[in-house]
Structures are given as C-alpha cells and as structure tokens.
Amino acid sequence: ASTRQERRFPDDFLFGTATASYQIEGGWNADDKGENIWDRMTHTKPNVIKDVSNGDIAADTYNNYKRDVEMMRELGLDAYRFSLSWSRILPNGLSNKVSEAGVAFYNNYINEMVKYGITPMVTLYHWDLPQKLQDLGGFANPLFPDWFEDYARVVYEQFGDRVKHWITFNEPREICYEGYDSTTKAPILNATGIGAYLCAKNLVLAHAKAYYAYKNDFAPSQDGQCGITISVNWFPPLTDSKEDEIAAELYRQAEWGIYAEPIFSAEGGFPKELSEKVAQMSMEQGYPRSRMPEFTDEEREFVRGATDFFGVNHYTAFLVSAAKDTEFIVPSVYGDTGAVTSVPDDWPKSASRWLTQAPDSILNALTHLNNKYNSPIFYITENGWSTRVEDGLEDDDRIRYYRAALESALDVLDAGITLKGYMAWSLMDNFEWMEGYTERFGLYEVDFEDPARSRTPRKSAFVYKQIIKTRVIDHEYEPETRTMTIDEGK
Ligand SMILES: CCCCCCCCCCCCC/C=C/[C@@H](O)[C@@H](N)CO[C@@H]1O[C@H](CO)[C@H](O)[C@H](O)[C@H]1O
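No experiment lies behind these values; they were computed from the predicted model shown.

### Details of the overall build of the chain
Move 1: For the chain, the helix and strand inventory stands at 17 helices and 14 strands.
Move 2: Taken over the C-alpha trace, the chain has a radius of gyration of 21 Å; the compact-globule value for 490 residues is 23 Å, and the two agree within 12%.
Move 3: Seen through its principal axes, the chain has C-alpha atoms that stretch 65 × 60 × 50 Å.
Move 4: Out of the 490 residues belonging to the chain, those deemed buried represent 61%.
Move 5: Restricting to contacts in the chain with at least 6 residues of sequence separation, those with at least 24 account for 76%.
Move 6: Looking at the chain as shown, the accessible area adds up to about 18,900 Å², and 48% of this sits on carbon and sulfur atoms.

This is how it looks when you write it as structure tokens:
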C-alpha cells in the first residue's frame, strides 16, 4: 500500500490559479471600455460595499499584466484561469462595435502567458455585464442568449487560436440568485423567488448557444473545449431523518441543480422535485403559473449535454435541515426549499463569514456529481481561503486549507473520477465584491495603498509552488526563504 506521501498528481494534471476581470483589472474607463454593472453600482451606491471601495483600479492588472505572468512563472503554474470583461471588448455590449484597445489588452496578456508555456483558461463572463445590456433587463431579457452568443463569437474569433479552454459562465447561482433574487451581488435586483428562476433559464440557454457556436464553427479548426463553471459547495443533511434528507436534496437543487440539471442530466430541464415544489408553492401563493419557467421540448434538448466539461468552484460545506420555525420571505428560493443550513463549531473559520474548512468536501461533492451526471470531465476551477488584511504574509491557515483540499482532490483521483485540473483562488488579493478589500484570498499579497499595486508572495505561494513542482503534498515542507525566483525553464 502506498503511503500518503507517495500519492502524486499526474504530470498532465493542470495546476493553476484563478482571477476575474472586475476583481483585478482596474482600467475601468481605459480607452473606450464601456460601463459595466459593477462600475454603475459601486459609483452610484458606494455604501453597498463594506469598505466603500470599488474595482476602478483594483490590482491594476491593466497596467501590471507582465508582473502577473511573472508571478505565474514564479509559481510554476501549468494554467491560469481569468475572465474577459465583456464591456472592455464590446463597449456597448452588442457586437456591432469591437474595441481595438480591449482586444489588444487581452492579446498581450494571452501572448505573454503562451510565451512561457502557461495554458490560458478563459471565462467569458464573471459577473461584469455591460450596463447597457442591464438597462434592457440583462439576463431577464429573452434576447440575452443571442447577445451572449454574439459576444462569444467575437471572443472565439479573436483569441481562439491560442485559447483551448473556454468557460462560458462563472457561477450561475451567484449571477442569478445573488444578483437578481437578492442584494448580494450587482445588479441587486432583489426580485425574490422570481429573479433566480427567470435568469437561470436564460443563462443555460445562453450557455448552450455559446457552446454550439464554438463546437460547430470554431472547434473544428481551433480544437478546444467549452464548458461551464458552477458553484458546488457540499450540502449534506444534518441528520439521517427523512425530512432532512428531502430538505438537503431540495437545497442542492436550488443552489446548483437548477443550473447543472438542464445541462448535465440525462433528462434535461429543471430538477424535478424543486420544479414541483415551486409550482405547488406558486399556486398556494396565488400566482397564475409557476414562478419557475418551463423549457419547451426543443429548448430542453438543445441545452441537454451542451458541454465538454464541468467546472466546479468549491469552497466549503453546510449541513442542511428541514426548517421548523423559520419565517422565509414570500416568495423566495429558500422558502421554496423549506430548508436551513448550519455549520459545526469545530470547522476552522476563515475571514469570510460563509467560508469554513469542511472535511472531505471536495471528495463528497465530486462523488455526488459524478454519480448523478454520468461521470463528466471535471476541473476544479476555484478553491481557496480568505485571511484578514492584518494577517499579512504568514498564512498558515491558508496552507492548512490548501493541503487538506488537495488531499481531497487526490481522493477524487483515487476514486477514478476524471479530474483534470485545480485552480487556486486566487493568484493575488483582489476586490472581493461586497466585501471590498477587507478579505484577502491571494497567494500574493497586493498593496492597495501603493500606486504601483506591488505584489509580494505569501508563505502559501511557496508551498503551492512546491506542490506543483513535485506533484506531491508534503505536509512537513517549510519554505526556507521568502525570496521568490523563477525556476529554470519557466
Ligand atoms: C449557519 C451558517 C453560517 C454561515 C453564515 C453565512 C451566510 C451566508 C450564506 C452565503 C452562502 C454563500 C455560499 C458560498 C458561495 C461561494 O462558494 C461563492 N460565492 C464563491 O464565489 C467565488 O468566490 C471567490 C471568493 O469569494 C471569488 O470572489 C470569486 O469571484 C467567486 O467566483
């Protein structure tokens, strides 16, 4: 039997880090870039952000992209996942006008990665919708799938000769539930119990349109893959009672099933149990039809199977139980599930109130998805841990989290599940959405007081580098230095 020390990641396993355009780029109005929904929200309602900050400059990757690639080389990354700013490429959101400056910025960034053998993994949409499209309803407009396909075609055309890994959307739950159904992400629409379902349908249709545009018109010559990234945290029942089992299943369907099921399940369409529950609740609440829209047979068939891989953003777990005396907002997604969550006191806590270190949660989540969806190809497209500003560079908590997460990823490989890569969130500190700059996820610390936005490796950067280099998790490894260098050949 092999010892834990001997367990290795395969040589072709893609180790990387991830970021997102609005969180790092800055250059919010550089050249002819158009306004996006985060620009609009942070400028007109600054108090919704915890430290009243914004992403106007962020880590200033717009001017620091060569330093970013240098950091990728220092870590010895195989791959780098980043997103494109739609309104930097199409200032008005629509494809009649393409920004030369925006395209040039991404060409430079991608070329710099390719020059050093780093595989670019590109997300088309990580939450920064052009404001002009939001003014027309955004994801709630039935034309949204067409707008997204048009944008995707421009992007494939411009960058597809070098980019072979495409992700259409990052985290549909955060786009639809947090943006349309509540007030935790732009555009803070707060259409509770309605926004998430409406957005979910248009989002998966948009994904399928962009997927088939690539598959039919670009993949034959460009030879890449196209998938979607869904936020899949692990939601087991609190107890083995029937009520908690049912609550947990409904909760999983609301969290990620409404986005995953239409694409990955054999039947297609929204998850059965949640659809029935929402239809029943809608009737009881006096609506003339279900708040959850239906797919036509043609739409269902179009979306079903429209992917080459399943990108999983995984951070944590919550225990789910049937609500006893909770008063839910009516109507609301969580009211539809009738479920509540809790977290054991002994799971280590991060700087983010939602993020604890749950045991074996990567293995549990991926095993569940693998069984449910007929063994797709997986990438972990985000996984990471937050610290506070004052925690500085000695981030042993983050190291403990990453080692445990990567052990769980090795368990996934041992279980015969096809996991092809792991992207740590994040390469560097960045604008953490509603939390501003108060929570830090970076392997590199960014000094946001410094006009140059200087970047300094944390201890975790040295540990991650060692794991990538050796393909082994050495729990005893202590970096001897805090001076980062680029290894030969990187
Ligand atoms: C009794 C429970 C106690 C917890 C109370 C917290 C209540 C808040 C519940 C919120 C649930 C959040 C679910 C988690 C979502 C995350 O997986 C997801 N938002 C991660 O998104 C990515 O996060 C990165 C770091 O936050 C980064 O910002 C990136 O852009 C996102 O893709």
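Now that the structure is up, let's keep going.
### What to know about the pairing of strand S5 (residues 225-231)
Move 1: Most of S5 sits out of view: 6 of its 7 residues are buried.
Move 2: Judged from the 4 bridges that link them, strand S4 (residues 165-170) and S5 form a sheet pairing that is parallel. Paired with His165 across the strands is Gln225, a residue of S5.
Move 3: One ladder, built from 4 bridges, connects S5 with strand S6 (residues 310-313); its direction is parallel. Note on S6: the bridge partner recorded for Thr229 is Gly311.

### Considering the site of the ligand
Move 1: The environment of the ligand is formed by 21 residues, the closest being Gln23, His126, Glu171, Asn233 and Glu432.
Move 2: Measuring from an oxygen atom of the ligand, one finds a side-chain N or O atom of Gln23 at 2.8 Å.
Move 3: One of the side-chain nitrogen or oxygen atoms of Asn170 is found 3.0 Å away from an oxygen atom of the ligand.
Move 4: Expressed as a share of its isolated accessible area of 780 Å², the protein-covered part of the ligand is 80%.
Move 5: Mapped by element, the contributors of at least two residues to the shell around the ligand are helix H8 (172-181) and strand S8 (339-342).
Move 6: Its residues assigned to classes, the shell around the ligand comprises 7 nonpolar, 8 polar and 6 charged.

### A short note on unusual backbone geometry
Move 1: That bond from Ala186 to Pro187 is cis: its omega, 10 degrees, falls within 30 degrees of zero.
Move 2: Of note, the amide linkage connecting Trp425 to Ser426 takes the cis form, showing an omega dihedral of 20 degrees.
Move 3: Assignment of secondary structure puts Ser426 in the loop between strand S11 (419-425) and strand S12 (439-440).
Move 4: In this structure, Glu171 is a non-glycine residue whose phi angle is positive, near 55 degrees.
Move 5: By the secondary structure assignment, Glu171 is in the loop between S4 and H8.
Move 6: Its relative accessible area of 5% is what places Glu171 among the buried residues.

### Let's talk about the pattern of salt bridges
Two side chains carrying opposite charge are able to pair once their charged atoms lie near each other.
Move 1: According to the stated counting rule, one finds 40 salt bridges in the structure shown.
Move 2: With its nearest N and O atoms 2.9 Å apart, the salt bridge here joins Glu301 to Arg304.
Move 3: Accessibility expressed as a relative area gives 45% for Glu301, which makes it partly exposed.
Move 4: The class for Arg304 is partly exposed, based on a relative accessible area of 31%.
Move 5: When the shortest N-O distance is used, the salt bridge between Asp487 and Lys465 registers 3.4 Å.

### Examining the side chain of Arg73
Move 1: With respect to the helices and strands, Arg73 occurs in helix H3 (residues 61-75).
Move 2: Although Arg73 is buried, it forms no salt bridge, and the closest oppositely charged side chain is Glu70 at an N-O distance of 5.5 Å.
Move 3: Ignoring any residue separated from it by four or fewer positions in sequence, one finds Arg73 in contact with Tyr116, Ile118, Ile486 and Lys490.

### Examining the packing of H8 against helix H9 (residues 195-217)
Move 1: Where H8 meets H9, the axes come as close as 8 Å, and the angle between the chain directions of the two elements is 140 degrees. Two packed elements cross with a definite hand, and for H8 against H9 that hand is right-handed. Of the residues in H9, those in contact with Pro172, Ile175, Cys176, Tyr177, Tyr180 and Asp181 of H8 are Gly195, Ala196, Cys199, Ala200 and Leu203.
Move 2: When the residues that make up the contact of H8 with H9 are grouped by side-chain class, the tally is 9 nonpolar, 1 polar and 1 charged.

### Side note on the state of the cysteines
Move 1: Taken as a whole and assessed by the stated rule, the structure comprises 1 disulfide.
Move 2: Through a disulfide, Cys176 is tied to Cys199; the S-S separation comes to 2.0 Å. Residues Cys176 and Cys199 share a disulfide whose torsion about the S-S bond is about -65 degrees; that sign makes it left-handed. Placement of the pair is Cys176 in helix H8 and Cys199 in helix H9, with a sequence separation of 23 residues. The pair Cys176 / Cys199 is uniform in exposure class, with both members buried.
Move 3: In this structure Cys226 is a free cysteine whose sulfur lies 17 Å from that of Cys176, the closest cysteine sulfur available.
Move 4: With relative accessibility at 0%, the residue Cys226 sits in the buried group.

### Thoughts on helix H15 (residues 361-372)
Move 1: Compared with the 16 Å implied by 1.5 Å per residue over 12 residues, the 16 Å span of H15 between its first and last C-alpha is a close match.
Move 2: Every buried residue of H15 is accounted for by Ser361, Ile362, Ala365, Leu366, His368, Leu369 and Asn370.
Move 3: In the segment just after H15, Asn374 is the residue with positive phi, at about 60 degrees.

Thresholds applied
Residues numbered from 1 in each chain as written. Predicted model: local features only at pLDDT ≥ 70, side-chain atom pairs only at ≥ 80, totals over all residues. Heavy atoms only, no water. Helix = DSSP H or I, 4+ residues; strand = E, 2+ residues; numbered from the N terminus. Rg over C-alpha atoms; globule rule 2.2 N^0.38 Å. Buried < 20%, exposed > 50% of the residue type's maximum accessible area, 1.4 Å probe, protein only. Contact = heavy atoms within 4.5 Å. Areas by Shrake-Rupley, 256 points an atom, 1.4 Å probe, with all protein chains shown as cover. Pairing = 2+ DSSP bridges. Near = heavy atom within 4 Å. Polar contact = N/O pair within 3.5 Å; in protein donor to acceptor, adjacent residues only side chain to side chain. Nonpolar A, V, L, I, M, F, W, Y, C, P; charged D, E, K, R; others polar. Salt bridge = Lys/Arg side-chain N within 4 Å of Asp/Glu carboxyl O. Lys, Arg positive; Asp, Glu negative; His and termini not counted. Axes fitted to C-alpha atoms, helices over the stretch in contact; angles between N-to-C directions. Left-handed = near helix turned anticlockwise from the far one by under 90°. Disulfide = S-S within 2.5 Å. Expected span 1.5 Å × (residues − 1).

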